[in-house]
Amino acid sequence: MAYADARSRHNLSMPQQISRDTARRFLAIRHLLMPPRSLPCSPESVLAVVDRLGSLQFDPLDVAGRNHDLALHARISGYNRGLTDELLYGRRLLFETYNKALNLLPTRELPYYRISWQNGADGRAGRLVEEQAALAEKVLAAITAEGPKCSSDFEREAAIDWWWGPTSATRAVLDALSVSGRLNLARREGNRRYYDLTERLFPADLLETRIPEREQLRHKLLSRFRGHGLLGAGGSSELWYGTGTTALRTELRRELVERGELVEVSVEGVKGNRFVVGDELPMLAQAEREVASEAGAGGSGPDASVASPSSGPLPDPGRLGCCFLAPLDPLMWDRGALEPLYDFTYRWEVYTPAAKRRWGYYVLPILFGDRFVGRIEPRIDRKAKVVRILGLTWEPGFDPLAAPGFVPAFAAALNAYLSFGGAEALVRPSAGNRALFKEVAAAVPCRRPDGA
């Protein structure tokens, strides 16, 4: 019985159970990853991704591509960062503010995130502006009179303590004014951030719109469920940053369920109930139908194994694409669900001491169809116009040469990544996977580690 039909025949207070196969398929479908890179190369596709996921996390590290660019690259064919920059700093249909962390959000939702500015003004950012009042007034006067400025446009002040450590007072004041909503980003040039007055960057009607604080918090809470697609009530604290206390979240989540904006489900083998965005029930029903069709009459059943990424029903070969996911991709937000749902563990190890890293500094999960099958550690060398693969490992039980359809899908993913990085060739790992790269070489320009 399709899930949507089952919901209409049961008490809505009783969460319906779905199989792990259905949950994985649903997440791949709703994350626009089955197949990957299925959207055309256009700003409208960027907006479509943000509309589906609600927000994308921004991180400036660019060794393998910035996080939000990697997330969009996985979903948009031929994606380039200029598409998003135009929406952020040209058409201003997207904007940056703090949600789960620093996120890109639809500008039309700005009134729901004013609470982030208010929290900044009431918190440490506001206190810094008060402590550095003379410098803050100087900065605001210069920007008001002359337009967007970055920290290097001002005389360098003595370093003060700030969130990330000691930094120039001017840079800290600019950041504090932005966090508290008085300034916002006019543009980025590399790592330089140019700020302008908030009222010059956004429509007056949006800035004048006031939404009750509770409603803002409810919207922010919903944004986390929109981002991942199948979150539970718990998980790491970073998932729920800025959404209020645990007790308030419980109240707001109950309200979202009562309003039909969230629907509670039980995923076989995963501890605790999960929540699906109400509008996405048709996608859940589609996933259930697909899994049942592929597994034969009766569906995949409760005994469908997830012990190996290559086990269980497989989708149509035409949808078995491969992609490399960003470390902070919304699909990766709930690290605790990866093992019971995918038999996969992942940790972003950029802040882990080198000697304690298990996989590497900046490693991307490899998704094939609706399964995580391995990890890749690429580096974009823009000067040499190459992508260097520093590491490539596979999950136990997964043979990249034996898995039907994987080699051409992996080759397509590598070629797409080369284009994304502006590279002309791939430098394969110094050890391992030689047979795989021999197969791939016919489709991907490869070089040995020695440059030959």
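Residues numbered from 1 in each chain as written. Predicted model: local features only at pLDDT ≥ 70, side-chain atom pairs only at ≥ 80, totals over all residues. Heavy atoms only, no water.

Draft legend 1. View of unusual backbone geometry. Geometrically, the link from Met 34 to Pro 35 is a cis peptide bond, its omega value of 0° lying close to zero. With respect to the secondary-structure elements, Pro 35 resides in the loop between helix 2 (20-30) and helix 3 (43-53). Here Leu 32, not a glycine, exhibits a phi torsion of approximately 60°, which is positive. Mapped onto the elements of the fold, Leu 32 is located in the loop between helix 2 and helix 3. Not every positive phi belongs to a glycine, and Asp 343 is a case in point at roughly 55°. In this fold, Asp 343 is placed in the loop between helix 14 (335-342) and strand 12 (364-368). (Helix = DSSP H or I, 4+ residues; strand = E, 2+ residues; numbered from the N terminus.)

Draft legend 2. Spatial organisation of the packing of aromatic side chains. With the rule as written, the count across this model stands at 20 aromatic pairs. Ring centres of Trp 348 and Tyr 362 lie 5.8 Å apart, and the angle between their planes is 85°; on these two criteria the pair is classed as edge-to-face. Here the residue Trp 348 occupies a position in the loop between helix 14 and strand 12, and Tyr 362 occupies one in the loop between helix 14 and strand 12, the gap between them amounting to 14 residues. Given the relative accessible area of 0%, Tyr 362 is considered buried. Look at Tyr 417 and Phe 420: their rings are 5.8 Å apart centre to centre, the planes differ by 40°, and that puts the pair in the tilted class. Here Tyr 417 and its partner Phe 420 are both found in helix 15 (residues 406-420), 3 residues apart, which amounts to about one turn of the helix. In this structure, Tyr 417 and Phe 420 share a single accessibility class: buried. Here the basic side chain of Arg 187 rests over the ring of Tyr 194, its NZ or CZ set 4.0 Å away from the ring centre. (Phe/Tyr/Trp six-rings, centres within 6.5 Å; stacked < 30°, edge-to-face > 60°. Buried < 20%, exposed > 50% of the residue type's maximum accessible area, 1.4 Å probe, protein only. Lys NZ or Arg CZ within 6 Å of the ring centre and 35° of its normal.)

Draft legend 3. Inspection of the pairing of strand 12 at higher detail. With 5 of its 5 residues buried, strand 12 lies for the most part within the structure. Of the two faces of strand 12, the one lined by Leu 364, Ile 366 and Phe 368 and the one lined by Pro 365 and Leu 367 are each fully buried. Pairing of strand 11 (residues 322-324) with strand 12 involves 3 bridges; the strand directions are antiparallel. Note that in strand 12 the partner of Phe 324 across the bridge is Ile 366. As judged from the 5 bridges shared by strand 12 and strand 13 (residues 371-381), these two strands associate in the antiparallel manner. Counted as the bridge partner of Leu 367 is Phe 372 from strand 13. (Pairing = 2+ DSSP bridges.)

Draft legend 4. Main features of the confidence of the model for the protein chain. Put simply, the protein chain has an average pLDDT of 91, and 92% of its residues get 70 or more. In this model, residues 297-310 is a region of pLDDT below 50 whose contacts with residues beyond four sequence positions or in other chains number 34 contacts. (pLDDT = per-residue confidence, 0-100. Contact = heavy atoms within 4.5 Å.)

Draft legend 5. Quick look at the side chain of Glu 395. With respect to the helices and strands, Glu 395 occurs in the loop between strand 14 (386-394) and helix 15. In this structure Glu 395 comes out as buried when scored by relative accessible area, which is 9%. Polar contacts involving the side chain of Glu 395 include one to the side chain of Arg 375, which spans 2.7 Å. (Polar contact = N/O pair within 3.5 Å; in protein donor to acceptor, adjacent residues only side chain to side chain.)

Draft legend 6. Structural view of the sheet that holds strand 2 (residues 56-57). Taken in spatial order, the 3 strands make up an open sheet running 2-4-3, and their pairing is antiparallel. Strand pairing shows two members of the sheet lacking a second neighbour, strand 2 and strand 3 (94-98), which therefore form its edges. Here 2 bridges tie strand 2 to strand 4 (residues 102-106), and the two strands are oriented antiparallel to one another. Across the sheet, the residue bridging to Gln 57 is Asn 103, located in strand 4. The strands touched by helix 3 within the sheet are strand 2, strand 3 and strand 4, with strand 4 carrying the most contacts at an inclination of about 105°. (Axes fitted to C-alpha atoms, helices over the stretch in contact; angles between N-to-C directions.)

Draft legend 7. Broad picture of the pattern of salt bridges. With the rule as written, the count across this model stands at 28 salt bridges. Residue Asp 69 pairs with Arg 66 through a salt bridge whose shortest N-O separation is 2.8 Å. Both residues of the pair, Asp 69 and Arg 66, belong to the buried class. Arg 188 is the partner of Glu 96 in a salt bridge, and the nearest nitrogen-oxygen pair spans 2.9 Å. With Glu 96 in strand 3 and Arg 188 in strand 7 (residues 183-189), this pair connects stretches of sequence that are 92 residues apart. Its relative accessible area of 16% is what places Arg 188 among the buried residues. Members of the salt-bridge network, linked through shared partners, are Asp 21, Arg 24, Arg 25, Glu 290, Glu 294, Asp 370 and Arg 371. (Salt bridge = Lys/Arg side-chain N within 4 Å of Asp/Glu carboxyl O.)

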